[in-house]
Amino acid sequence: MRKDRLFRAAVLGAGVAMVALGTTAPASASSTKNHEFELRDRCDVATFNAALGEEVCAGQKRGSVTFDRFIAALDDGGHKKWNIHPHDRTIRLGDTVSAENVGGEVHSFTRVPVFGQGCVRELNEPFAGEPELCNGPVDFSSFVGPAEETAPQQLGVGVHRFQCLIHPWMRATITVEAK
């Protein structure tokens, strides 16, 4: 019993000394970092919900893009306010990635083998020459509602592509390098 108390006192004393000296224990070789991606849009609540039905666009403070402006931007490959940020990132093996929807619409953060067309035919016209990604079953677990986020996931070494299956111009490339 006495040895146990002495050991705890020694450990506590060493910890206090390290804090007092401004040092900490060495970082674990297995320490990881989560890299969070933001799924962004600026849908105007009134015009989107009037055009597509209630609750298509959830209330948000910065929803300045009207439905008509959104549709007009499709000819240019999609509205620039609908994006994944950052769209390119290099991370270390063992780190994780997750996505948070900071917009007003539902998006997906779906890992795809190649970038291609999404699952909403009306939004695919600018991407007509690209592969169709929604021919088979769709993994709805990658869909993220407003103010929701995905669980962190680890990726292997290499290049990984993530895309919104609703808004196909929302894309991110994540390169994983060995430590």
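Whatever comes next refers back to the structure up there.
None of the values given here were measured: they were computed from a predicted structure.

Asks: Any chance you could explain unusual backbone geometry here in plain terms?
Replies: Excluding glycine, residues mostly carry a negative phi; peptide bonds, for their part, are mostly trans. For the peptide bond that leads from His 85 to Pro 86, omega is -5°, which places it in the cis range. Summarising the element assignment, Pro 86 is placed in the loop between β2 (83-85) and β3 (88-92). A positive phi angle, close to 70°, is found at Glu 55, a residue other than glycine. Note that Glu 55 resides in the loop between α2 (45-52) and α3 (67-72). Classification of Glu 55 by relative accessible area gives exposed; the value is 70%. Residue Ala 147 is not a glycine yet carries a positive backbone phi of 65°. Relative to the elements of secondary structure, Ala 147 occurs in the loop between β7 (143-144) and β8 (153-154). Judged by relative accessible area, which is 71%, Ala 147 ranks as exposed.

Asks: Help me understand the environment of Gly 158 in this model?
Replies: Mapped onto the elements of the fold, Gly 158 is located in strand β9 (residues 158-163). Spatially, the C-alpha atom of Gly 158 lies 8.9 Å from that of Ala 178, the residues being 20 residues apart in sequence.

Asks: Is there a simple way to think about the packing of aromatic side chains in this case?
Replies: Aromatic ring pairs are defined here through the distance separating the ring centres and the angle between the ring planes. The full count for this structure, using the stated rule, is 10 aromatic pairs. On the basis of an interplanar angle of 50° and a centroid distance of 5.9 Å, the ring pair of Phe 70 and Trp 169 is categorised as tilted. With Phe 70 in helix α3 and Trp 169 in the loop between β9 and β10 (171-177), this residue pair connects regions lying 99 residues apart in the sequence. Considering the side-chain rings of Phe 140 and Phe 143, the 5.2 Å spacing of their centres and the 40° angle between planes classify their relative orientation as tilted. Residue Phe 143 is classed as partly exposed on the basis of its relative accessible area, which comes to 22%. One aromatic cluster is present, formed by Phe 48, Phe 67, Phe 70, Trp 82, Phe 127 and Trp 169 through successive ring pairs. Here the guanidinium or amino end of Arg 89 rests over the ring plane of Phe 37, the centre of that ring lying 5.5 Å away.

Asks: What is the right way to read the state of the cysteines from this model?
Replies: Simply put, disulfide is the name for a covalent bond between the sulfur atoms of two cysteines. All chains considered together, the criterion is met by two disulfides. Bridging Cys 43 to Cys 57, the disulfide has an S-S length of 2.0 Å. Its S-S torsion of approximately 85° makes the covalent link between Cys 43 and Cys 57 right-handed. Of this pair, Cys 43 sits in the loop between β1 (34-40) and α2 while Cys 57 sits in the loop between α2 and α3; the two residues are 14 residues apart in sequence, bridging distant segments of the chain. Each member of the pair, Cys 43 together with Cys 57, is buried. Here the chain pairs its bonded cysteines, counted in sequence order, in the arrangement 1-2, 3-4.

Asks: Quick question: what am I supposed to make of the environment of Pro 126 here?
Replies: Within the fold, Pro 126 resides in the loop between β6 (110-112) and β7. The exposure class of Pro 126 is partly exposed, given its relative accessible area of 35%. Sequence separation of Pro 126 and Asp 76 is 50 residues, and the distance between their C-alpha atoms is 7.4 Å. Setting aside anything within four residues of it in sequence, one finds Pro 126 in contact with Leu 74 and Gly 77.

Asks: Looking at this model, I keep getting lost on the sheet that holds β9. Mind explaining?
Replies: Paired through their backbone hydrogen bonds, the strands of a sheet run either parallel or antiparallel. If you walk across this open sheet you meet the four strands as β3-β10-β9-β6, and the pairing is mixed. Pairing within the sheet leaves two strands with one partner each, and these edge strands are β3 and β6. In this sheet, neighbouring strand axes are inclined to one another by 35° on average, regardless of whether the strands run parallel or antiparallel.

Thresholds applied
- Residues numbered from 1 in each chain as written.
- Predicted model: local features only at pLDDT ≥ 70, side-chain atom pairs only at ≥ 80, totals over all residues.
- Heavy atoms only, no water.
- Helix = DSSP H or I, 4+ residues; strand = E, 2+ residues; numbered from the N terminus.
- Buried < 20%, exposed > 50% of the residue type's maximum accessible area, 1.4 Å probe, protein only.
- Phe/Tyr/Trp six-rings, centres within 6.5 Å; stacked < 30°, edge-to-face > 60°.
- Lys NZ or Arg CZ within 6 Å of the ring centre and 35° of its normal.
- Disulfide = S-S within 2.5 Å.
- Contact = heavy atoms within 4.5 Å.
- Pairing = 2+ DSSP bridges.
- Axes fitted to C-alpha atoms, helices over the stretch in contact; angles between N-to-C directions.

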